[in-house]
Structures are given as C-alpha cells and as structure tokens.
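Topology and contacts: notes
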Amino acid sequence: MKRITLILAFLFTNLLFLSSQGGNDTTIYLLTCGPGTETYSIYGHSALRIVMPGKNPDTIFNWGVFDFNTSNFAWKFAKGRLEYMVVAQSVDSFLQNYIYEKRYVLSQLINLDPKEKAILIALINEN
C-alpha cells in the first residue's frame, strides 16, 4: 500500500509539470524493453520518456503497471482482462528492474513538432 501511495504521489507531482505545453526544448522518446522470463513480460514492454529541461527531471510514463495482488491475477492476465494503470516514474526507477533482469531498453527519439508535443502531453494528462 505504501508503494502505491508513493507512486501516486510521484504521478501527481509529474502531472503538475506536464500542465505546461511541450515546447521546442521538450524531447519525447519511445522506450522499447526486451522480453523477460515471467509470463507477463515475455513480449517485452514499451513506455514514453518525456524530458522537459529546467522544469523536472526525466520522467517515464508507463501504462503497463498492474497490481500483483489482484484476485485471479493469472486468469485475468491470460484472458486480457487485467486492469492496468499509468504511472510516472523517474528514469532510474524504471530502469532498475530491467537492469536487474538483464533486459535491454532501447530509446528512440519521436520526431514531433511543438504542437504535436502539446497534444501528446494533454493526452497524457487526460490519462
């Protein structure tokens, strides 16, 4: 419970920084993570990294977070009925597990103009 509270607090803090429009100095990356050995990780994972210099540290927006304590977790996962949530994380926090499991993480710059960045940030805030 403490962990979820901390994650939600971090998310709220980062949503405040996203309230401003993405400008020319904002960079957005697609992170592609290699597959793992657990059932839920065999296909790999993706997330978005948003860097707004001078406003906040690098932030990863991860839509693939779920609660392992969900009743009938394996069944819901296998049937595609597991509820996921978006979490804002620091780069270090996000990478820690992938480094431990020796999974690769590729970073690709997404080429967006300032208007497209602002739209993407507004959509992330909506989530």
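Whatever comes next refers back to the structure up there.
In this report, the structure presented in the accompanying data block is examined.

Let us now look at the overall build of the protein. Assigned secondary structure in the protein consists of four helices and five strands. Scanning the protein from its N terminus toward the C terminus, one meets helices and strands in the order α-β-β-β-α-β-α-β-α. Scored against the burial criterion, the 127 residues of the protein give a buried share of 31%. Here the analysis covers contacts within the protein between residues at least 6 apart in sequence; of these, 63% occur between residues at least 24 apart.

The next point concerns the pattern of salt bridges. This structure, assessed with the given rule, holds two salt bridges. Note that D58 and R49 form a salt bridge whose closest N and O atoms lie 2.1 Å from each other. For E101, the salt bridge is made with R103, and the minimal N-O distance between the two is 3.0 Å. Under the relative-accessibility criterion, E101 is labelled partly exposed at 32%. Overall, the relative accessible area of 11% leaves R103 in the buried class.

This next bit is on the environment of V87. When you line up the elements, V87 lands in strand β4 (residues 85-90). Taking the relative accessible area as the measure of exposure, V87 reaches 3% and is therefore buried.

Turning to the side chain of K117, a few remarks are in order. Relative to the elements of secondary structure, K117 occurs in helix α4 (residues 114-126). Among the polar contacts listed, one links the side chain of K117 to the backbone oxygen of T26, at a separation of 2.5 Å.

This brings us to the packing of aromatic side chains. Across all of its chains, the model carries two aromatic pairs by this definition. When the centroid spacing of 6.4 Å and the interplanar angle of 15° are considered together, the rings of F73 and F77 count as stacked. Residue F73 and its partner F77 are both found in helix α2 (residues 73-79); the two are separated by four residues, about one turn of the helix. Assessed through its relative accessible area of 22%, F77 is described here as partly exposed. Here the guanidinium or amino end of R49 rests over the ring plane of Y29, the centre of that ring lying 5.1 Å away.

Next up on the list: the pairing of strand β2 (residues 45-52). For β2, the tally of buried residues reaches six of eight residues, placing the bulk of the element in the interior. As paired strands, strand β1 (residues 27-33) and β2 are joined by seven bridges and run antiparallel to one another. Looking at the pairing, T32 lines up with S46 of β2.

Calculation criteria
- Residues numbered from 1 in each chain as written.
- Predicted model: local features only at pLDDT ≥ 70, side-chain atom pairs only at ≥ 80, totals over all residues.
- Heavy atoms only, no water.
- Helix = DSSP H or I, 4+ residues; strand = E, 2+ residues; numbered from the N terminus.
- Buried < 20%, exposed > 50% of the residue type's maximum accessible area, 1.4 Å probe, protein only.
- Contact = heavy atoms within 4.5 Å.
- Salt bridge = Lys/Arg side-chain N within 4 Å of Asp/Glu carboxyl O.
- Polar contact = N/O pair within 3.5 Å; in protein donor to acceptor, adjacent residues only side chain to side chain.
- Phe/Tyr/Trp six-rings, centres within 6.5 Å; stacked < 30°, edge-to-face > 60°.
- Lys NZ or Arg CZ within 6 Å of the ring centre and 35° of its normal.
- Pairing = 2+ DSSP bridges.

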